[in-house]
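Structural characterization, general
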Amino acid sequence: MQQQKVRRGANCGTGPDARETLDSRKGILLDDLDRMPFEEASPQAEPDGHAAAPAAKRVFIKTFGCQMNVYDSERMSEMLAAEGYVETDAPDEADLAILNTCHIREKAAEKVYSDLGRLRDIKSARAEGGKETLITVAGCVAQAEGEEIVRRAPAVDLVLGSQSYHRLPELLSRLRGGETALVETAFPDEDKFQALPERASAKAVTAFLTVQEGCDKFCTFCVVPYTRGMEYSRPVAALVDEARRLVQRGVRDITLLGQNVNGYHGEGPDGAPTTLAGLIGQLAGIEGLLRIRYTTSHPRDMSEALIEAHAREDKLMPYLHLPFQAGADRVLAAMNRKHTAADYLALIARIRRARPDIALSTDIIVGFPGESDADFEATLALVREAEFAHAFSFKYSPRPGTPAATMDGQVPEEVKRERLERLQEVIDAGYRRFNGACVGKRLPVLFEKAGRHAGQLVGRSPYLQLVHADADPALIGRVIDVEIRAAGANSLSGAICGQS
Ligand code: SAH
Ligand code: SF4
Ligand code: F3S
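Heads up: these notes are all about the structure in this document.

1. Some points on the overall build of the protein chain
A tally of helices and strands in the protein chain yields 14 helices and 20 strands. Looking at the 500 residues of the protein chain, the share that counts as buried comes to 60%. Look at the contacts in the protein chain between residues 6 or more apart in sequence, and 71% of them connect residues 24 or more apart. Entry remark: accessible area of the protein chain is about 19000 Å², with carbon and sulfur atoms responsible for 51%.

Here is the structure:
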């Protein structure tokens, strides 16, 4: 999420109120899209030319927000492939343009409207050439704003909430049948996941797998409980099946996704609820799956069984994204986080006892309503004490309909900006320390793809760091020991020293 584009579909960049420095799997957010102009190629697209029959319909998908949106975009793309669509990275070639949106902060949500302005112009230009363009707004802005989107942007043909995307083919055919401005934002009874076609498009070494969706925590700043609904956990059998298929297609590293993933409680093979630790145990049995990760976790749901899994399960990577949000207890209480700073520090101490090398990352908000200078100092103190490998930091953004938006004591923008800058200096220092400490070590790297320089491959350490090394492309998909020689701003580099 940051200085570079990330894997498939994620549009990200470091905006003034977000600092995200490795990639989408580090944490959850990919928004603040300043660094990825709309006109640039969408990484969603496959290289042009090989798959498209001349008459194929083309779909352009731009993904905002978190990893779950990346997963959802992949599933929509797979569904559309079955309908004869091929992906394009050029919106002006698209018969169907989908913006898969994020509502988490104002900036992410507003960006959608500027993109819609550009799509409207493309739609008119194409109409002059006799070509139809269907514009769809999917995801969390669709869920949150519904009809309002069509009012503000009448060129939009379909508003598709995050719980309804399995209905996309049917809704498109209704549009072709002459219906207009469809808004589909119900939380339907049927299981969206079951209604989706089998996974077909995995081509990479890593994949996301949504295991849990929605959130019942209702942090007072957050829209997710409203955009994704209440917590739902997919059954273990469906997940093992989907993971197996991904592995058959070459995936070696799966990140389990959920807004509150460690609250997972899906139906197990015996019909009883299974914990995330139980699910991880089942997935670890899949031959060929080398690495398992999960994100994002709430401190309240970090069970002993899950902590123990980090000590016991080799395939579970020593990396944990565990947002704490603020260092002052009165701010945490106003946020409805249901944990104190001391609870959080005690929890990470327990986790580190179980897995001493674990890399921790977190999310932090500055300028929550009522946050005083002293409260902010408590946040800095917690960051210093916790020694995060990485952290994502955000200026508080009031979201319509959330309790915090109307709280007294809204913090001026200038104060938020200064606090964010100070916080990011502390975060960056920790990040540099963590990466610097890897120099001279051997790390097992799962190679994912060719690097930018000839002869170079890029992979990931267990701690999710990007690692560059000169290596044979045949090693893509394999875990190889690399001796780390240097730590750069966003990645490590080293030399291959053995195979594991
Ligand atoms: N538990 C979720 C959190 C999703 S939102 C998950 O799956 O990751 C990701 C992060 O965005 C939150 O942890 C929080 O730090 C930040 N965030 C959420 N709402 C925000 C708001 N209104 N303003 C600023 N940051 C916010
Ligand atoms: Fe939002 Fe809080 Fe739920 Fe995370 S735990 S999704 S921050 S309400
Ligand atoms: Fe954004 Fe929705 Fe994800 S609001 S962070 S895309 S769950």
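On we go from here.
2. Points about the site of ligand 2
Every residue near ligand 2 is listed here: Cys215, Lys217, Phe218, Cys219, Phe221, Cys222, Val224, Pro225, His298 and Arg337. Here the residues of the shell around ligand 2 are counted per class, giving seven nonpolar, one polar and two charged.

3. Things to note about the nonpolar core
Ranked by internal contacts, the top residues of the largest apolar core, which has 78 residues, are Leu256 and Tyr294. In this view, Tyr294 contacts Thr255, Leu256, Val261, Leu276, Ile280, Met302, Leu306, His310, Leu316 and Leu320; residues no more than four positions away in its chain are not counted. Grouped together as the second largest cluster of nonpolar side chains are 39 residues, Ala109, Ile122, Val137 and Val224 included.

4. Here we look at the side chain of Ser233
Positionally, Ser233 belongs in strand E10 (residues 232–233). A polar contact of 2.9 Å, which involves the side chain of Ser233, links it to the backbone nitrogen of His265. Beyond its immediate sequence surroundings of up to four residues, Ser233 is in contact with Val211, Gln212, Gly263, Tyr264, His265 and Gly266.

5. Overview of the packing of helix H1 (residues 67–81) against helix H5 (residues 168–176)
Two elements in contact, H1 and H5, have axes whose closest approach is 10 Å; the angle formed by their N-to-C orientations is 60°. The angle between H1 and H5 places the two elements in the oblique class. Of the residues in H5, those touching H1 at Met76, Met79 and Leu80 are Leu168, Pro169 and Leu172. Across the contact of H1 with H5, the residue classes break down as six nonpolar, no polar and no charged.

6. As for the sheet that holds strand E3 (residues 85–87)
The six strands are arranged E3-E2-E4-E5-E6-E7 in an open sheet whose pairing can be described as parallel. At either margin of the open sheet sits one strand with a lone partner, and together these are E3 and strand E7 (182–184). Ignoring which end each strand starts from, the neighbouring axes of this sheet average 20° apart. Both strand E6 (residues 158–160) and E7 contribute to a ladder of three bridges, which runs parallel. Bridge pairing links Leu158 to Leu182 in E7. Sitting on the sheet, H5 is in contact with strand E2 (57–63), E3, strand E4 (96–101), strand E5 (134–139), E6 and E7, with an inclination near 165° to E6.

7. Thoughts on the packing of helix H10 (residues 304–312) against helix H12 (residues 341–354)
Contact pair H10 / H12: the axes reach a minimum separation of 8 Å and the direction vectors enclose 35°. On H12, the residues touching Glu304, Ile307 and Ala311 of H10 are Leu347, Arg350, Ile351 and Ala354.

8. Concerning the pattern of salt bridges
Overall, the coordinates contain 32 salt bridges when judged by the stated rule. Between Asp375 and Arg330 there is a salt bridge, and its shortest N-O distance comes to 2.2 Å. With Asp375 in helix H13 (residues 373–386) and Arg330 in helix H11 (residues 329–334), the pair connects residues that are 45 residues apart, well separated along the chain. According to the relative accessible area criterion, Asp375 is buried, its value standing at 7%.

9. Digging into unusual backbone geometry
Between Thr295 and Thr296 the backbone carries a cis peptide bond, its omega angle lying at 5°. Tracing the chain through its elements places Thr296 in the loop between strand E12 (291–295) and H10. Notably, Ala181 is not glycine yet its phi reads approximately 45°, a positive angle. Checked against the element boundaries, Ala181 lands in the loop between H5 and E7. The exposure class of Ala181 is partly exposed, given its relative accessible area of 34%. Although it is not a glycine, Gln325 adopts a positive phi angle of roughly 75°.

10. So, the packing of aromatic side chains
This model, assessed by the stated rule, comprises eight aromatic pairs. Centroid distance Phe193 to Tyr232: 6.4 Å. Interplanar angle 10°. Geometry classified as stacked. One end of the pair, Phe193, is in helix H6 (residues 192–195); the other, Tyr232, is in strand E10, with 39 residues separating them in the sequence. Take Phe193: its relative accessible area is 7%, and that puts it in the buried class. Taking relative accessible area as the criterion, Tyr232 reaches 33% and is therefore assigned partly exposed. Aromatic ring contacts, followed pair by pair, group Phe221, Phe368 and Tyr396 into a single cluster. Sitting over the face of the ring of Tyr113, Arg152 holds its NZ or CZ atom 3.5 Å from the ring centroid.

11. Side note on helix H14 (residues 413–436)
Across its 24 residues, H14 extends 34 Å between first and last C-alpha, which sits within 8% of the 34 Å expected from 1.5 Å per residue. Lys416, Arg419, Leu420, Leu423, Gln424, Val426, Ile427, Asp428, Gly430, Tyr431 and Asn435 are the residues of H14 that are buried.

12. A short note on the environment of Gln143
Summarising the element assignment, Gln143 is placed in helix H3 (residues 140–145). Classification of Gln143 as buried rests on a relative accessible area of 10%. Considering only alpha carbons, one finds Gln143 and Phe187, 44 residues apart in sequence, at a separation of 9.4 Å. Among all residues touching Gln143, those that are not within four sequence positions of it are Gly161, Ser162, Gln163, Thr185, Phe187, Tyr226 and Thr227. In this structure the side chain of Gln143 is engaged in a polar contact, spanning 2.6 Å, whose partner is the backbone oxygen of Thr185.

13. Here's the deal with the sheet that holds E12
Sheets are built from strands paired through backbone hydrogen bonds, the pairs being either parallel or antiparallel. With respect to topology, three strands assemble into an open sheet ordered E8-E11-E12, the strand pairing being parallel. With partners counted over all chains shown, the strands left at the sheet margins are strand E8 (206–210) and E12, one partner each. Geometrically, the sheet is characterised by an average inter-axis angle of 25° between neighbouring strands, direction not taken into account. Direction of pairing for E8 relative to strand E11 (residues 253–257): parallel, over a ladder of five bridges. Bridging from a neighbouring strand, Thr206 pairs with Asp253 of E11. Most of the contacts of helix H8 (residues 236–248) go to E8, to which it runs at about 165°, and overall it touches E8 and E11.

Analysis parameters
Residues numbered from 1 in each chain as written. Chains lettered and ligands numbered in written order. Predicted model: local features only at pLDDT ≥ 70, side-chain atom pairs only at ≥ 80, totals over all residues. Heavy atoms only, no water. Helix = DSSP H or I, 4+ residues; strand = E, 2+ residues; numbered from the N terminus. Buried < 20%, exposed > 50% of the residue type's maximum accessible area, 1.4 Å probe, protein only. Contact = heavy atoms within 4.5 Å. Areas by Shrake-Rupley, 256 points an atom, 1.4 Å probe, with all protein chains shown as cover. Near = heavy atom within 4 Å. Nonpolar A, V, L, I, M, F, W, Y, C, P; charged D, E, K, R; others polar. Core = buried A, V, L, I, M, F, W, Y, C linked by side-chain atoms within 4.5 Å. Polar contact = N/O pair within 3.5 Å; in protein donor to acceptor, adjacent residues only side chain to side chain. Axes fitted to C-alpha atoms, helices over the stretch in contact; angles between N-to-C directions. Parallel < 35°, antiparallel > 145°, perpendicular 65-115°, else oblique. Pairing = 2+ DSSP bridges. Salt bridge = Lys/Arg side-chain N within 4 Å of Asp/Glu carboxyl O. Phe/Tyr/Trp six-rings, centres within 6.5 Å; stacked < 30°, edge-to-face > 60°. Lys NZ or Arg CZ within 6 Å of the ring centre and 35° of its normal. Expected span 1.5 Å × (residues − 1).

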